[in-house]
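Secondary and tertiary structure notes
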Amino acid sequence: MNPNKMNIRIVEVGARDGLQNEKKVIASADKIQFIKLLIEAGLSTVEVGSFVRADKIPQMKDTAQVYAGLPDEFKKKYSLPCLVPNMKGFDSAMSVGVREIALFTSISESFNEKNIGASIEESLERFRPVALAAMKKEIKIRGYISTAFGCPYEGETSLDTLKKVANRLFDYGVYEISFGDTIGVAHPEQVKTVVQELKRHFDLYQLTMHFHDTYGLAMANIYAAYEEGILSFDASAGGLGGCPFAQGATGNVATEDVLHLFMKMGLSTGVDMQKLLLASQFIFGKLKRTSPSKAHQAYANKYSLKAKGQACPGS
Ligand code: MG
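So, on to the overall build of the protein. When its secondary structure is counted, the protein shows 13 helices and 9 strands. Taking 20 Å as the expected radius of gyration for a compact globule of 315 residues, we find that the protein reaches 18 Å, a close match to that expectation. Along the first, second and third principal axes, the C-alpha atoms of the protein reach 50 × 45 × 35 Å. Classification of the 315 residues of the protein by burial places 56% in the buried group. Taking the intrachain contacts of the protein between residues at least 6 apart in sequence as the baseline, contacts between residues at least 24 apart amount to 75%. As presented, the protein carries roughly 13400 Å² of accessible surface, and 50% of it is formed by carbon and sulfur atoms. When the 37 positive and 34 negative side-chain charges of the protein are each reduced to one mean point, those points stand 6 Å apart.

Given below as structure tokens:
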């Protein structure tokens, strides 16, 4: 148990990692409204989108418009990172005034090849000019490492490779790395081993965990990571985003579930559950489906909110 009850940081990834894994493409105005509701709920780091090729990920093709459509006060006050895969993406991000970017790679050669069409080394080399340009402009950089706990093509991934790739990203000036359990195969004992190893090499505040609930272990993994000292977690409102590697399965852990856990433990996240529910219900209403999150469903009942997406605010 952590000796001091400190604040937990939740990084909301629903508008990017969530929506890019949903089949239905959401209108730019609705994405903007969703992000506003998330910020009003108290989330201070909200991923906005991804400057990737529109033919690769059509759900993210309007990231420039979405970012440009957010209120200036939000851009000054909150962290609103956008993913950029290369210099082209970086330039597009800069053209609309993005202040924080995220670079993403994995520790599996097969996954990297299929996902971004580059070896791990090639992806890191692509980031070098981006990181230099970002540093010159004083743009904050977040790092993502997928398949940190397992790969859909290679099975187990190597802890040594994880540390090496993390080192490279830190050399590029990233302020933190989000370690992704891309296919939701991590389990608490593995999480403890990985975090124990990572914290021998890096500062705890540089580490964020990104768990998926594919097999129902996201919350157990979050608790295991917390017990090892991790205080920052990625989560997606209502559990937005399925798992691209398991049809019909759940993907990102739901922000409501994470919030519920830490509320019960008496830890502060700065997030208001009722307002978060409004944000989730708004976007699930647009997707015309219900949130798979247990905490979402329970609190929606408790607060007598409609669970089917009708009568959503702003809809
Ligand atoms: Mg994810």
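That shown, we press on.
In this structure, Ile101, Phe179, Met209 and Phe262 are the most contacted members of the largest nonpolar core, which totals 97 residues. No other element matches helix H12 (residues 273-287), which puts 8 residues into this core. In this structure, phenylalanine 262 is in contact with Ile8, Ile222, Tyr226, Phe233, Leu267 and Thr269, ignoring residues within four places of it in sequence.

Among the structural elements, glutamine 20 can be located in the loop between helix H1 (14-18) and helix H2 (28-40). With relative accessibility at 17%, the residue glutamine 20 sits in the buried group. If we ignore the near neighbours within four places in the chain, the residues touching glutamine 20 are Ser50, Ile57, Gln59 and Met60.

Attention now moves to the pattern of salt bridges. If you walk through the whole model with that rule in mind, you get 18 salt bridges. In this structure, a network of salt bridges that share partners links the residues Arg9, Arg142, Glu176 and Asp234.

Attention now moves to the sheet that holds strand S1 (residues 9-12). Read across the sheet, 9 strands follow the order S2-S1-S9-S8-S7-S6-S5-S4-S3 without closing on themselves; strand pairing throughout is parallel. Bordering the open sheet on either side are strand S2 (45-46) and strand S3 (49-50), each of which pairs with just one other strand.

Quick look at helix H10 (residues 218-227) now. Within the sequence span of H10, burial applies to Ala218, Asn221, Ile222, Ala224, Ala225 and Tyr226. The secondary structure elements touched by the buried residues of H10 are helix H9 (188-201), strand S8 (207-210), strand S9 (232-235) and helix H11 (255-264). In the segment just after H10, glycine 229 is the residue with positive phi, at about 110°.

Considering only enclosed or pocket space, the largest pocket measures out at about 1100 Å³ in volume. In this structure, the largest pocket is lined by 38 residues; those nearest its centre are Val52, Ile57, Phe104, Asn115 and Ile116. For the lining of the largest pocket, the secondary structure elements donating two or more residues are H1, helix H3 (63-68), helix H5 (87-95), helix H6 (109-116) and strand S6 (140-146). Top element by residues in the lining of the largest pocket is H6. It accounts for 4 residues.

Take the coordination of the magnesium ion next. Here the magnesium ion is held by the protein donor atoms Asp17 (OD), His210 (NE2), His212 (NE2) and Asn252 (OD1), which lie 2.0 to 2.2 Å from it. When the donor residues of the magnesium ion are listed from N- to C-terminus, their spacing reads D-x192-H-x1-H-x39-N. Taken together, the residues span a long stretch of sequence, with aspartate 17 in helix H1 and histidine 210 in strand S8 at a distance of 193 residues. Histidine 210 shares its class with aspartate 17; the two are buried.

Our next topic: the pairing of strand S5 (residues 100-106). Taken across its 7 residues, S5 has 7 buried, putting it largely inside the fold. Examined bridge by bridge, strand S4 (residues 82-83) and S5 share 2 bridges and lie parallel to one another. Bridging across to S5, cysteine 82 finds its partner in isoleucine 101. The parallel pair S4 and S5, bridged by H5, forms a crossover whose chirality is right-handed. Two strands pair when backbone bridges link them, and S5 and S6 are joined in this way by 7 bridges, in the parallel orientation. Along S6, the bridge assignment pairs leucine 103 with glycine 143.

Rules used throughout
Residues numbered from 1 in each chain as written. Predicted model: local features only at pLDDT ≥ 70, side-chain atom pairs only at ≥ 80, totals over all residues. Heavy atoms only, no water. Helix = DSSP H or I, 4+ residues; strand = E, 2+ residues; numbered from the N terminus. Rg over C-alpha atoms; globule rule 2.2 N^0.38 Å. Buried < 20%, exposed > 50% of the residue type's maximum accessible area, 1.4 Å probe, protein only. Contact = heavy atoms within 4.5 Å. Areas by Shrake-Rupley, 256 points an atom, 1.4 Å probe, with all protein chains shown as cover. Lys, Arg positive; Asp, Glu negative; His and termini not counted. Charge placed at Lys NZ, Arg CZ, Asp CG, Glu CD. Core = buried A, V, L, I, M, F, W, Y, C linked by side-chain atoms within 4.5 Å. Salt bridge = Lys/Arg side-chain N within 4 Å of Asp/Glu carboxyl O. Pairing = 2+ DSSP bridges. 1 Å grid on protein atoms, 1.4 Å probe; cavity = no way out; pocket = protein on both sides within 12 Å on 5 of 7 lines; lining within 4 Å. Points joined across faces, edges and corners; volume = space filled by probe spheres on them. Donors = N, O, S within 2.8 Å, 3.2 Å for Na, K, Ca; no water. Right-handed = clockwise from strand over helix to strand, strands pointing away.

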